[in-house]
Amino acid sequence: MAYRAEYLWIDGKEPDAEIRSKTKILADGAEPGIWGYDGSSTNQATGDNSDVVLIPKFQCPDPIRGGDDILVMCETYLTDMITPHPTNTRALAVKALEQYGDQEPWFGLEQEYTLLDPVTGWPAGFPEHGYPRPQGPYYCGVGAVKIFGRDLVERHTSLCMKAGLKISGTNAEVMPGQWEFQIGPADTVEVGDHMWVGRYLLYRLAEEYNVEVSIEAKPMKGDWNGAGMHTNFSTEKMRNDYDAIIAACESLGAEGKVAEHLAGYGSGIEDRLTGAHETQRFDQFSYGVSDRGASIRIPWQVEMDKKGYIEDRRPNANADPYVVATLMTNTVCGALA
Ligand code: ADP
Ligand code: MN
Ligand code: MN
Ligand code: MN
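Residues numbered from 1 in each chain as written. Chains lettered and ligands numbered in written order. Predicted model: local features only at pLDDT ≥ 70, side-chain atom pairs only at ≥ 80, totals over all residues. Heavy atoms only, no water.

**Examining the overall build of the protein**
Here comes step 1: Across its full length, the protein carries eight helices and 13 strands.
Here comes step 2: Its C-alpha atoms give the protein a radius of gyration of 20 Å, within 12% of the compact-globule value 20 Å for 337 residues.
Here comes step 3: Relative to its full complement of 337 residues, the protein shows a buried share of 51%.
Here comes step 4: Residue pairs at least 24 apart in sequence account for 65% of intrachain contacts in the protein once pairs closer than 6 positions are excluded. (Helix = DSSP H or I, 4+ residues; strand = E, 2+ residues; numbered from the N terminus. Rg over C-alpha atoms; globule rule 2.2 N^0.38 Å. Buried < 20%, exposed > 50% of the residue type's maximum accessible area, 1.4 Å probe, protein only. Contact = heavy atoms within 4.5 Å.)

As structure tokens, this is what we get:
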């Protein structure tokens, strides 16, 4: 029997690249090989020189199609098949991991997202012509008045588990219609692979519900929480030593590093990092124990155990996990080396 491979790749959308995919039918026993697509339709090439090459890098079972069908996460290359396409952010993550893999970097990414009515653009749980009760009861809530979209969330979790992704948890968020899933712990490259495939499964499943999944950083203006991708990070040293935890925090606040990181943390960062709604302002840098108003939070049990990991609270939900993981690895591992 032939089987289907869904080839996935990251496009050239600006700002905030998105995932694309297409299907290849393969003969039984055949491996998914190199493929290509029309880069002029994804903001990655001009029409007169449009071919972009897809090189398979990570694969897992396709839990939606089932059977022998698979998902294949690819990197994009120029037709020389040696030069990564300029938008190939995974190649940079591979480089960072090659350089600093001996420090054993681990990531846990918390992907927040909002379910929207595709016609009105209004979040699930918001009345058609107005606002729900203010924030308070929704975070980790239960009950029909507080929770919208749980069926989709539960099915998405099952799909991630069936695909073998390192999904580590889910929760309802502070704004109605807003949710989160976490991927990790995983290394600099794997966390991006699993996050992008997790996003793909979410969008794909939401088609069935006729719901739009938004990872916009601030989908509702006003007194509503934005959507982030908190980035939990540790190295082998940090998992054993509190001085390394503090050194990691300091490295992220070093001259030039704040701006460099914010530039890779997704569009609309100023709209989300306002200093309110559990954020630090985008133009301030701070770290602190249990502090959800800091740029970097040291979890309370990390201070107690004197070892563990840190949480960079700044990345937006719409950031590219390959970019975020590359920045963290290069900055922190570079300082701890
Ligand atoms: P929060 O309390 O901020 O909501 P979550 O429980 O949502 O945190 O997410 C924490 C993430 O951190 C999980 O994905 C978890 O796997 C990951 N994590 C746990 N320990 C480590 C570690 N030592 N290094 C990196 N990530 C870790
Ligand atoms: Mn969380
Ligand atoms: Mn959250
Ligand atoms: Mn968090």
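**Focus on the pattern of salt bridges**
Here comes step 1: Inspection of the entire model under this criterion finds 16 salt bridges.
Here comes step 2: Across the salt bridge formed by Asp62 and Arg65, the nearest N and O atoms sit 3.9 Å from each other.
Here comes step 3: The class for Asp62 is buried, based on a relative accessible area of 4%.
Here comes step 4: Classification of Arg65 as partly exposed rests on a relative accessible area of 27%.
Here comes step 5: When salt bridges with common partners are traced through the structure, they connect Glu278, Arg297, Glu311 and Arg313 into a single cluster. (Salt bridge = Lys/Arg side-chain N within 4 Å of Asp/Glu carboxyl O.)

**Brief notes about the side chain of His194**
Here comes step 1: Mapped onto the secondary structure, His194 falls in helix 3 (residues 190-209).
Here comes step 2: Among residues more than four places away in sequence, those in contact with His194 are Phe58, Gly164, Leu165, Lys166 and Ile183.

**Concerning the coordination of the manganese ion (ligand 4)**
Here comes step 1: Around the manganese ion (ligand 4), the donor atoms from the protein are Glu110 (OE), Glu110 (OE), His230 (ND1) and Glu311 (OE), and they sit 2.0 to 2.5 Å away.
Here comes step 2: Between the donor residues of the manganese ion (ligand 4), the gaps in sequence give the motif E-x119-H-x80-E.
Here comes step 3: Separation of the manganese ion (ligand 4) from the manganese ion (ligand 2) amounts to 4.0 Å, with Glu110 serving as a shared donor to the pair. Pair noted here: Glu110 is in strand 6 (residues 106-116) and His230 is in strand 10 (residues 229-234), with a separation of 120 residues, a long-range link.
Here comes step 4: Given a relative accessible area of 14%, Glu110 falls into the buried group.
Here comes step 5: For His230, a relative accessible area of 9% gives the class buried. (Donors = N, O, S within 2.8 Å, 3.2 Å for Na, K, Ca; no water.)

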